[in-house]
Structures are given as C-alpha cells and as structure tokens.
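# Remarks on the overall topology
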Amino acid sequence: MIFLLIVILFIWLFILQSTVSRLRSRLDELSPARPVSTLPIPRPIPMPGETSIDQAMPVPAHYNFTPQAVSGYENKDDDLTNPLDNFFNWLKEDFMMKLGAGLLLLAFGWFVSYAFANNWIGEFGRIMLGLLLGAGIMVGGVLRVKQYAHQGGVLLVLGSSTVLMTVYAAREIYDMFDPYSAMLLMLATVVLVALVSVKEHRRSLAIASLVLAGIAPLLTASPVPSITDISLYLLVIVGGTLWVVYLRGWSVLTFMSLIIVTFHHLPFLTLGLAKSEAVLVGLWFGFLFTLIFLVASLIGFLINDQPEEHRSRVYTALGSAIYLILWLSLASPEWLTFALTGWALIFAVGGFLTYQLTQNRDPFYIYAGTSLLLLAAALAEELSGPTLTIAYIIKFTLLVYLAQYVLRDETLASRLSFLLIIPAVMSVSSLNPYVWQGGILHSDLVVLLLMLGATLTVGQLLSKTEQYAAEFATSFYSAAAFYAVALVWLVTHAGISDAWSRAYEMATMVALVIYTIAGIGALMIGRHLGRRGLTVGGYVLIGLVVVRLLLVDVWQMQIVGKIITFLVIGVLLMSTAFIIKKPKSSNQ
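Residues numbered from 1 in each chain as written. Predicted model: local features only at pLDDT ≥ 70, side-chain atom pairs only at ≥ 80, totals over all residues. Heavy atoms only, no water.

## Focus: the overall build of the protein chain
A tally of regular secondary structure across the protein chain gives 22 helices and zero strands. The buried share of the protein chain, reckoned over its 588 residues, is 42%. Contacts spanning at least 24 positions in sequence make up 71% of the contacts within the protein chain whose residues lie at least 6 apart. In the structure as shown, the protein chain presents an accessible area of about 32,600 Å², 68% of it carried by carbon and sulfur atoms. (Helix = DSSP H or I, 4+ residues; strand = E, 2+ residues; numbered from the N terminus. Buried < 20%, exposed > 50% of the residue type's maximum accessible area, 1.4 Å probe, protein only. Contact = heavy atoms within 4.5 Å. Areas by Shrake-Rupley, 256 points an atom, 1.4 Å probe, with all protein chains shown as cover.)

Okay, structure coming up:
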C-alpha cells in the first residue's frame, strides 16, 4: 500500500508541476508587462517678452527619466526561485564579515571551553557571560541592520545562535534551567529575530529565525519527549510564521514550517506512541496542523496572486497530504477509511471554493489532486487484489473524461492518462495463466475487459485532441490491442475443457484463427478508411501468427492439429488476395 501511494504521489506531482508551469507561461503570454505611462508636466504659457521655462532651464540631452514600477510587496532580498544561487549571492555580500562571524563564534567556543577547563569562571558566571555576549551581539545587529542590512542580519543570527548554545549548555551540563524555561528563553530570542525581519523586510532573516526555532526543541534536552508539549510549541511557531506570511507574503515560510512540524513529529510516527491516549492526542494534533496548512495555503491564493509564490503553495498542499497520511497510518482500521474520505472531501471543497472566488485553476488542480491521492489511499485500505484494480481503472478513466469534456483541458487530460499506468501494472497478475485454470468467469476477466475498454476510451479521447493525438493515442490503441490478444488467448485456453485429449492444441488453433481473422479485418478497415496505424497493426498481428506457426506449433502440435491449423489459416490468408487487393483498371 505504501509503495502504491508513493507511485501515485510522484505521478501526480509530475502532472501538477507540468500543469502549473504551463498555466504560468500561458498567463505570462496573455498578460504582457504594461508600460508605465508618464503624464506630461503642465508648463505655464510665457507672456509676451518673458522667457519660457525650457529656455531658462534647458534639460541636458544626456538626461533620461524613466519611472520605476512599484511592486506589491517590498522585499529587499533576492528572489528565491533559485535558492542555491541566492545563497551564494548572499554569501558573497559582506563575505569577510560573515567569515569573521564564523571565526568569532569558534573563538568564543574555544575560549569558553578553555575557561571552563581552568575553572576561571563559575557555573553561573559562565552562563551569564554567554547570555550577555549573545544579547550584546543581537543589540548590535538591531542597530546595524537599519543602515547595513546584511551586516545587521549576520550579527542577529550570530547573537541568537550564541544565546541558544548558552542555554543548551546551561541545560545539558549544569541543569540550570528546566525544559520549559529553556524553551521560553530560546523562543524569545527567535521572536526578536523574526520581528526585525518583518520590520526590515528581510526574507532571509525570517528564514534564519524559523530555522533557529526548529532547532530550539532539540537543545532543551527534555528527558521524556511529549507529543503534547512539542505540538503546543509547534503551534506557536506555526502561528507566528503565518503572521509573518500574512504581512509580507513569503509563502516559502509556510512550507518550511510544515517541514519543521513533520521533522519533530517523525520520531513519534516511526517509533510509535506507547499508549492509546497518546495516539489519539497525536492524531488530533496531526489533523489540526493539516487543517491549518490547508487553510493557510488557500488564503494565500486569495490574498496574494504572485506567480513566484505558487510553487511553495504546491509543495505545502502535497506535503500536507503526506503528513496527514503518515499520521493516519497509526489510526485504527475501523475508522481509517472514514477519515481518509472525509479529508479528501475537505481538500476537494477547499480547492473548488478557491477556484470559484479567484477563477484560478492552480488551487483546484492542487487540492483536487490531493483529494484523489487520499481517495486512492482509502480504496487501497478497503479493497485489495482485482477489486482494487477495477476501482482504479474506473476512477482514472473518469478523471481523463472529466478533464477532456468538463474542464476542456486537453493537456491535463493527456497527463492524467498516465495514471492508468498504475492499474496496468496491477493487472499483470490477472495475465497469469494459473489464475485462469478454474474457468473464465472471475474477477480477473473483469480486470482485463475494463483495461481493454479503458485504453480504447482514453485513446479515442486523446485522438480528438490536436496536440497530443500522435503522441499518446497510438500508445493507448497499442495497449488495447495487447489486452485484446491476451484476452483471446486466456479465454480460449481456459474455456476449452481439459477433458478433451488435445484441448491445448484445439485452444491454440482457435486463438490463432481468431487472430488471423482480426488481422485481416484490421487490414480491410485500415485500407478502406485510410488508417495507416490500423493497417500496420493488422500486418503485425498476422505476422505474429505466422511466426508462431513456423517456430513453435510446427514442432509441438500433433500431425492432425498441424494439418487443420495450417489449412484454415492458409485459406484465410489466401482469401486476402480476393478481398483486399484492388482490381486493375482496363488501361493497365
């Protein structure tokens, strides 16, 4: 089940990123940058005998005034569309100061350890020295950031890191703080950095404060980790992060906070919770965080439509679904399906409402896909074997149909068709001849018939599109032909009773005759309608029949079976000279 969900997730992520990129490029094409209009400055008309302003104050020829466009959000950091490049750009600016800060931090650590080793400073003095030093560096950073943003940011991060390290040492070595007071002191330090980032419009500083907030619980050295304590702390962090996102529109912080929440809950998810009450508490906290991130990303689409923030919202939506599924893995099987279905409905309704309010398809695709992922998990929980394969075939075929005829999005329909790979892989077990030994009428027959119908239907839908007809429709028609050939072979060999002395030879002869008739029919229809693919398919099918006759059946069949089989197929092939070949005209 887990492997299946991972496959569905990766396929949907591929479809989702391609769709969002295509919509973004189309939006850029439809909405070109508007030139900033400049209004002429009214100039007074000179009276007779007066000198005009242009004559008195001539404008130099080299002077050129171009008004600057004003963005909705003022952000003094570089764009985070390429985080690696922006990190190196940040590192290059004031590099010497950043290098000096790192060396200063190492020197301070060595000095403190040397002073401790020689007992120069008492326990209380050591901790106070570290706290005062960290606070002093932070004060310098606050004063410096107003004029030199990068330098002030470096000092703030250095000072807050010093405070966190000092509190950790006080807690771990001297047991001077309890876990709650240590957490509050660290949190106060992080909040100060976050406030400065909001005031000075520094996104990189906000990211640094969020990272420090995620590290802080690891430094409290709590003897007994509690799901309630860590979740309450994470609620405070997530609430502060959403406040910053609301003020500045930095959606990447929401996704980072989701990563931090998942990271701190991961030990409880992997190692498990000992008591049933703890499992219930963890589930409720998991549901609460999922709902918070869902609402936050939906509101982000409503109040901030900047395209560069869409990727963070996409990752937040998919990450919320994965986070939810991880928690649901601890739930009891009695109500797991109900929970998955309920959350699928919540995600679907959220995406639909956002689309109705903004006319933006991005949230609809994102949350509809997440809803489908949860529904797939619910189906996998309730069903298994051929029944689950049948459910996936019907579900994914309907998705392609809805995308083609309801949403009228040919690109989305073609990419959703990739989801049929999942039931195609699952249908391999239905092709095993051993499962057909008990007869014809069973669930594996339904699986193969539905796969045949699904591939034909999707191929027909895609053949009506202009851009993807040649690329995808032929592939689905070929898959349909494969399932048809497999069905004929399996049904004939399972349908002819083993009571006959030569049942296998009889079934093989019937199957080969059916293949030959089907190949001749494909040739006739393909030539009549001018369908080259159908004509080629007929030739391929007849060729496979001939190859099997000459390489396999000529050695395995008894003499009577060979005579009948070769006779019937030979007559059928000879008939093509009278059916398919066109008569020559009288002048040839």
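Structure's up, so let's keep going.
## Considerations on unusual backbone geometry
Of note, His-201 is a non-glycine position whose phi angle comes to about 60°, a positive value. Turning to its location among the elements, His-201 is positioned in the loop between helix 7 (179-200) and helix 8 (203-215). Take His-201: its relative accessible area is 16%, and that puts it in the buried class.

## A word on the nonpolar core
With 74 residues, the main nonpolar core has Tyr-233, Leu-253, Phe-289, Tyr-367 and Leu-374 as its most contacted residues. Once residues lying within four places of it in the same chain are set aside, the contact partners of Leu-253 are Ala-206, Ile-207, Leu-210, Thr-241, Val-244 and Val-245. By size, the runner-up hydrophobic cluster in this structure holds 37 residues, among which are Phe-396, Val-447, Ala-473 and Leu-490. (Core = buried A, V, L, I, M, F, W, Y, C linked by side-chain atoms within 4.5 Å.)

## Quick word on the environment of Tyr-367
Locating Tyr-367 in the fold gives a position in helix 14 (residues 361-382). Spatially, the C-alpha atom of Tyr-367 lies 5.1 Å from that of Gly-351, the residues being 16 residues apart in sequence. Here Tyr-367 is in contact with Leu-294, Ser-297, Leu-298, Phe-301, Ala-317, Phe-347, Ala-348 and Gly-351, once residues within four sequence places are set aside.

## Structural notes on the confidence of the model for the protein chain
In this model, the protein chain carries a mean pLDDT of 75, and residues with pLDDT of at least 70 account for 74%. Long-range and interchain partners of residues 1-7, a stretch whose pLDDT sits below 50, account for 13 contacts in this model, where long-range means more than four residues apart. Contacts from residues 33-44, a stretch scored under 50 in pLDDT, to residues over four places away or in other chains number six contacts. (pLDDT = per-residue confidence, 0-100.)

## Side note on the packing of helix 7 against helix 8
Contact pair helix 7 / helix 8: the axes reach a minimum separation of 8 Å and the direction vectors enclose 165°. Looking at the two axes, helix 7 sits roughly antiparallel to helix 8. Here helix 7 and helix 8 pass one another in a crossing that is left-handed. In this structure, helix 7 contributes Val-190, Val-193, Ala-194, Val-196 and Ser-197 to the contact, and helix 8 contributes Leu-205, Ala-206, Ser-209, Leu-212 and Ala-213. (Axes fitted to C-alpha atoms, helices over the stretch in contact; angles between N-to-C directions. Parallel < 35°, antiparallel > 145°, perpendicular 65-115°, else oblique. Left-handed = near helix turned anticlockwise from the far one by under 90°.)

## Re the packing of aromatic side chains
Taken as a whole and assessed by the stated rule, the structure comprises six aromatic pairs. Geometrically, the ring pair formed by Phe-287 and Trp-343 is tilted, given 5.7 Å between the ring centres and 50° between the ring planes. Separated by 56 residues along the polypeptide, Phe-287 in helix 11 (residues 276-303) and Trp-343 in helix 13 (residues 333-358) bring together distant segments of the chain. Accessibility assignment for this pair places Phe-287 and Trp-343 in one class, buried. A centroid spacing of 5.5 Å and a plane angle of 25° characterise the contact between Tyr-392 and Phe-396, whose relative ring orientation is stacked. Linking Tyr-392 with Phe-396, this pair stays in helix 15 (residues 386-405), spanning four residues, or about one helical turn. (Phe/Tyr/Trp six-rings, centres within 6.5 Å; stacked < 30°, edge-to-face > 60°.)

## Some remarks on the environment of Phe-177
Among the structural elements, Phe-177 can be located in the loop between helix 6 (149-172) and helix 7. Taking the C-alpha atoms as reference points, Phe-177 and Thr-220, separated by 43 residues in sequence, lie 8.9 Å from one another.

## Things to note about helix 6
Between the first and last C-alpha of helix 6 there are 34 Å, a value that for 24 residues agrees with the 34 Å anticipated at 1.5 Å per step. In terms of burial, helix 6 is largely enclosed, as 18 of its 24 residues are buried. (Expected span 1.5 Å × (residues − 1).)

## Some remarks on the environment of Thr-316
Within the secondary structure, Thr-316 is located in helix 12 (residues 310-328). With a relative accessible area of 1%, Thr-316 lands in the buried category. Between the C-alpha atoms of Thr-316 and Ile-366, which are 50 residues apart in sequence, the distance is 9.8 Å. The contact partners of Thr-316, leaving out residues within four places of it in the chain, are Thr-254, Phe-255, Leu-258, Phe-293 and Ser-297.

## Let's talk about helix 18 (residues 443-463)
In this model, helix 18 (21 residues) spans 30 Å end to end at C-alpha, consistent with the 30 Å of a helix rising 1.5 Å per residue. Residues of helix 18 that are buried include every one of Asp-444, Leu-445, Val-447, Leu-448, Met-451, Leu-452, Ala-454, Thr-455, Val-458, Gly-459, Leu-461 and Leu-462, and no others.

## Regarding the packing of helix 12 against helix 13
Where helix 12 contacts helix 13, the two axes come as close as 11 Å, and the packing angle between them is 165°. On the basis of their axis angle, the class for helix 12 and helix 13 is roughly antiparallel. Of the two possible hands of crossing, helix 12 and helix 13 adopt the one that is right-handed. On helix 13, the residues that touch Ala-317, Ser-320, Leu-324 and Leu-328 of helix 12 are Leu-336, Ala-339, Leu-340, Trp-343 and Phe-347. When its residues are assigned to classes, the contact of helix 12 with helix 13 shows eight nonpolar, one polar and no charged. (Nonpolar A, V, L, I, M, F, W, Y, C, P; charged D, E, K, R; others polar.)

## A short note on a nonpolar patch on the surface
A surface patch of nonpolar side chains, amounting to about 740 Å² of accessible area, comprises Tyr-246, Leu-291, Val-295, Ile-299, Leu-302, Ile-303, Ile-346 and Leu-357. Elements supplying a minimum of two residues to the nonpolar patch: helix 11 and helix 13. In terms of residues, the nonpolar patch owes the most to one element, helix 11, which gives five residues. Relative to the helices and strands, Ile-346 resides in helix 13. Among the residues examined, Ile-346 registers a relative accessible area of 35% and is labelled partly exposed. (Patch = residues over 30% accessible without salt bridge, like charges linked within 9 Å, V, L, I, M, F, W, Y side chains within 5 Å. Salt bridge = Lys/Arg side-chain N within 4 Å of Asp/Glu carboxyl O.)

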